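Coordinate analysis (summary)
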Amino acid sequence: MPELHPDLMIVKGKILTMDPKNRVVEAVATKGEKIIAVGSTADISNLQGPNTQIINAGGRTVIPGLFDGHAHMDREGLKNLFPSLEGCKSVQDVLDKIQKIVLETSPGEWIVTMPIGDPPYYWNVPGCLSENRFPTRHELDEVAPENPVYIRPIWGFWRHTLPLESVVNTQALTLAKINRDTTPHTPTIEFEKDSTGELTGLIREQHYMPIAELGYFHMATRFSHQDRTFGLKNAMRTYNASGTTSVLEEHGAAQELINAYQAVHAENLATVRAHLIYSPPWGAAPDIDYTAILKNWTTWLGRRGLGDDWVRVGGMFTDLGPDVDAIFRATSAPYTGWSGFNYDTGIPKDRMVEFMTEAARNSIRIAVIGAGFLDLFETVNRKVPIEGMRWIIGHLDVLDENQIKKAADLGVVMTTHTNRYIYKHGHISRANLPADRVDDIVPLRRLLDAGVNIGLATDNVPTTLFYPIWHVVSRWNMFSEDRIAPNQA
């Protein structure tokens, strides 16, 4: 006879059951992966067996684990691996920190730091420094004459304002083969010059994902596989700390990130369940045979994919391309830097329907960012029905009534990015829309009423899902200090 007693009982708490009556009870009992009873502490205690673990909640609230629909969880564990410049109030403060790092670094070895400014958002840079400017390459040369120095840019989605800015010294420029006559590889990159035409060492980028770091400074110190696995374990603890127990990485996962997840799982140290959408590195190849490739890939990406309830890989991320910035970043492949996903996932616009149709035909779930893909989904659906496949649109921003109806008809699921589109940029969206379209900004009330399934998401800015929960209930905006489209709360 199998053991009938619970494996775990939590007693003397406030258990939020989230059942249809929204009951709050004192205790819960679980066995294996299932809740087997909820009720009073006295009732649940009667189920105790000789091997039952008992946790006294001491009046604390117990909630179901939260699911982050667009987490970039791994990124959190990478933020403390390079030296921080947090707290620097002047250029001299930055130089002093660099000089301390030099004392612990061998000549010729790269010195790579986190960005100037204070995490997590890095607001007001370089205004946070008393001189209101960045250090110059010559100043960095003085404190690090024998080392290439690279002060990294932010990952742009932390702040959601441009430009991104990084600073290098002369040795780093030399190794990257950048001089005063170098034409930037893409128009989004600028090498700042002084009044004499000499490089200052400051690099500006008009893109949220760093380009120069991967395209020019690919030889600098990188995140290693050990860094990623170590960081992922720490990231899981951070996400657990605010109640997150499952994540979807819908923006895609490159092989190096998949490897890290699988390594943590192999050690039996995973504490967050993860479903990873694959991001294929197509490069700039123009004549890919999507029919043959997707027919072969259905065995591991089709339906629910491969893996178990702790780590599963299935489905594919895609976007429109090719993009010159993405291709330049991808020269560092298989290394992906902060992203964890491949950059060169773009499909030519004139072949996107063909590609998606083959994915649908092979039961491969598609994930994209932006409601602009709805028309393409609708075209694919006329060729191969996708209702029930739960194709994903992430970063929900502005949708009109017609788009909402399409999403409902197609069975599309959506994830939010409220940290950006309500809290940080909601006032910008509102200013750019006519008054009668304000309710199109992250229209969660309309979407839920239409039957569209929505997953809240953090995008790792910050890690806790209680911010998105607050955003969608309050609709508060940090800059305008009022509510954005409150009818959609």
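Structure first, text after, so check above.
The shown structure was predicted, so the numbers you read here are calculated from the model rather than taken from an experiment.

Structural notes on the overall build of the protein chain
Helix and strand content of the protein chain: 17 helices and 23 strands. Its C-alpha radius of gyration of 25 Å places the protein chain within 12% of the 23 Å reference for a compact globule of 489 residues. On the principal axes, the C-alpha backbone points of the protein chain span a range of 80 × 55 × 50 Å. Relative to its full complement of 489 residues, the protein chain shows a buried share of 54%. At a minimum sequence separation of 6, the contacts of the protein chain that also span at least 24 residues come to 73%. Carbon and sulfur atoms provide 53% of the accessible area of the protein chain, an area that totals close to 21800 Å². Counting 47 positive and 58 negative side-chain charges, the protein chain places the averaged centre of each group 6 Å from the other.

What to know about the sheet that holds strand S13 (residues 199–205)
Adjacent strands of a sheet pair through backbone hydrogen bonds, lying either parallel or antiparallel. Strand order in the open sheet formed by five strands is S9-S10-S11-S13-S12, and the pairing between neighbours is mixed. The open sheet has two edge strands, strand S9 (111–113) and strand S12 (189–193), and neither has a second partner. Sheet twist, expressed as the average angle between the axes of neighbouring strands with direction ignored, equals 20°. By the bridge criterion, two bridges tie strand S10 (residues 149–151) to strand S11 (residues 164–168) in an arrangement that is antiparallel. Paired with Tyr150 across the strands is Val168, a residue of S11. Where helix H3 (residues 91–103) meets the sheet, it contacts S9 and S10, and its direction lies at approximately 135° from that of S9.

Re the sheet that holds strand S3 (residues 24–25)
Here three strands make up an open sheet; going across it, the order is S3-S2-S7 and the pairing mixed. Each of the sheet's edge strands pairs with one partner strand only, and the pair in question is S3 and strand S7 (61–62).

Some remarks on the nonpolar core
Judged by nonpolar contacts, the single largest core of 64 residues is most densely connected at Met73, Tyr261, Phe355, Met356, Phe377 and Met414. In this structure, Met414 is in contact with Leu374, Ile393, Leu396, Leu399, Ala407, Leu447, Val452, Asn453, Ile454 and Gly455, ignoring residues within four places of it in sequence. With 37 residues, the next largest nonpolar core counts Leu78, Val112, Tyr216 and Ala326 among its residues.

A word on unusual backbone geometry
A cis amide bond links Pro119 to the next residue, Pro120, at an omega of 5°. With respect to the helices, strands and loops of the structure, Pro120 is situated in the loop between S9 and helix H4 (137–143). Across the junction of Ala333 and Pro334, the peptide omega takes the value 10°, indicating a cis bond. Position of Pro334 relative to the elements: it lies in the loop between helix H10 (324–329) and strand S19 (346–348). Although it is not a glycine, Asn460 sits at a positive phi angle of roughly 65°. Residue placement: Asn460 occurs in the loop between strand S23 (453–455) and helix H17 (466–474).

Brief notes about the packing of helix H12 (residues 374–383) against helix H13 (residues 401–410)
In contact at an axis separation of 10 Å, H12 and H13 are set at 40° when each is read in the N-to-C sense. Put simply, H12 runs oblique to H13. In this structure, the crossing between H12 and H13 has a hand that is left-handed. On H13, the residues that touch Leu374, Asp375, Phe377, Glu378 and Asn381 of H12 are Gln403, Lys406, Ala407 and Leu410. In the contact of H12 with H13, the residues fall into four nonpolar, two polar and three charged.

Overview of the pairing of strand S4 (residues 27–31)
The element S4 is largely enclosed, with a buried count of four among its five residues. In this structure, S4 lies alongside strand S5 (residues 34–39), joined through five bridges in antiparallel fashion. From the neighbouring strand, Val28 faces S5, where its bridge partner is Val38. In this structure, the hairpin formed by S4 and S5 is closed by a connection of two residues, where Gly32 is found at a positive phi of approximately 65°.

Looking at a nonpolar patch on the surface
Together, Ile63, Phe466, Ile469 and Val473 give the surface a local cluster of nonpolar side chains, amounting to about 320 Å² of exposed area. Position of Phe466 among the secondary structure elements: in helix H17. Among the residues examined, Phe466 registers a relative accessible area of 42% and is labelled partly exposed.

Considerations on the packing of aromatic side chains
Counted under the stated rule, the structure contains 24 aromatic pairs. Where Trp123 meets Phe479, the ring centres are 5.9 Å apart and the plane angle is 90°; that geometry is what we call edge-to-face. Here Phe479 lies in the segment after H17 and Trp123 lies in the loop between S9 and H4, a separation of 356 residues in the sequence. Take Phe479: its relative accessible area is 46%, and that puts it in the partly exposed class. A centroid spacing of 6.0 Å and a plane angle of 85° characterise the contact between Trp282 and Phe355, whose relative ring orientation is edge-to-face. You can see Trp282 sitting in the loop between strand S15 (273–278) and helix H9 (290–301) and its partner Phe355 sitting in helix H11 (residues 352–361), a full 73 residues away along the chain. Each member of the pair, Trp282 as well as Phe355, carries the same accessibility label: buried. A network of ring pairs unites the aromatic residues Tyr278, Trp282, Tyr290, Trp297, Trp300 and Phe355 as a single cluster.

Overview of the pairing of strand S22 (residues 413–416)
Covered by surrounding structure in S22 are Val413 and Thr415 together with Met414 and Thr416, the residues of both alternating faces. By the bridge criterion, three bridges tie strand S21 (residues 392–396) to S22 in an arrangement that is parallel. Along S22, the bridge assignment pairs Ile392 with Val413.

About the cut-offs
Residues numbered from 1 in each chain as written. Predicted model: local features only at pLDDT ≥ 70, side-chain atom pairs only at ≥ 80, totals over all residues. Heavy atoms only, no water. Helix = DSSP H or I, 4+ residues; strand = E, 2+ residues; numbered from the N terminus. Rg over C-alpha atoms; globule rule 2.2 N^0.38 Å. Buried < 20%, exposed > 50% of the residue type's maximum accessible area, 1.4 Å probe, protein only. Contact = heavy atoms within 4.5 Å. Areas by Shrake-Rupley, 256 points an atom, 1.4 Å probe, with all protein chains shown as cover. Lys, Arg positive; Asp, Glu negative; His and termini not counted. Charge placed at Lys NZ, Arg CZ, Asp CG, Glu CD. Pairing = 2+ DSSP bridges. Axes fitted to C-alpha atoms, helices over the stretch in contact; angles between N-to-C directions. Core = buried A, V, L, I, M, F, W, Y, C linked by side-chain atoms within 4.5 Å. Parallel < 35°, antiparallel > 145°, perpendicular 65-115°, else oblique. Left-handed = near helix turned anticlockwise from the far one by under 90°. Nonpolar A, V, L, I, M, F, W, Y, C, P; charged D, E, K, R; others polar. Patch = residues over 30% accessible without salt bridge, like charges linked within 9 Å, V, L, I, M, F, W, Y side chains within 5 Å. Salt bridge = Lys/Arg side-chain N within 4 Å of Asp/Glu carboxyl O. Phe/Tyr/Trp six-rings, centres within 6.5 Å; stacked < 30°, edge-to-face > 60°.

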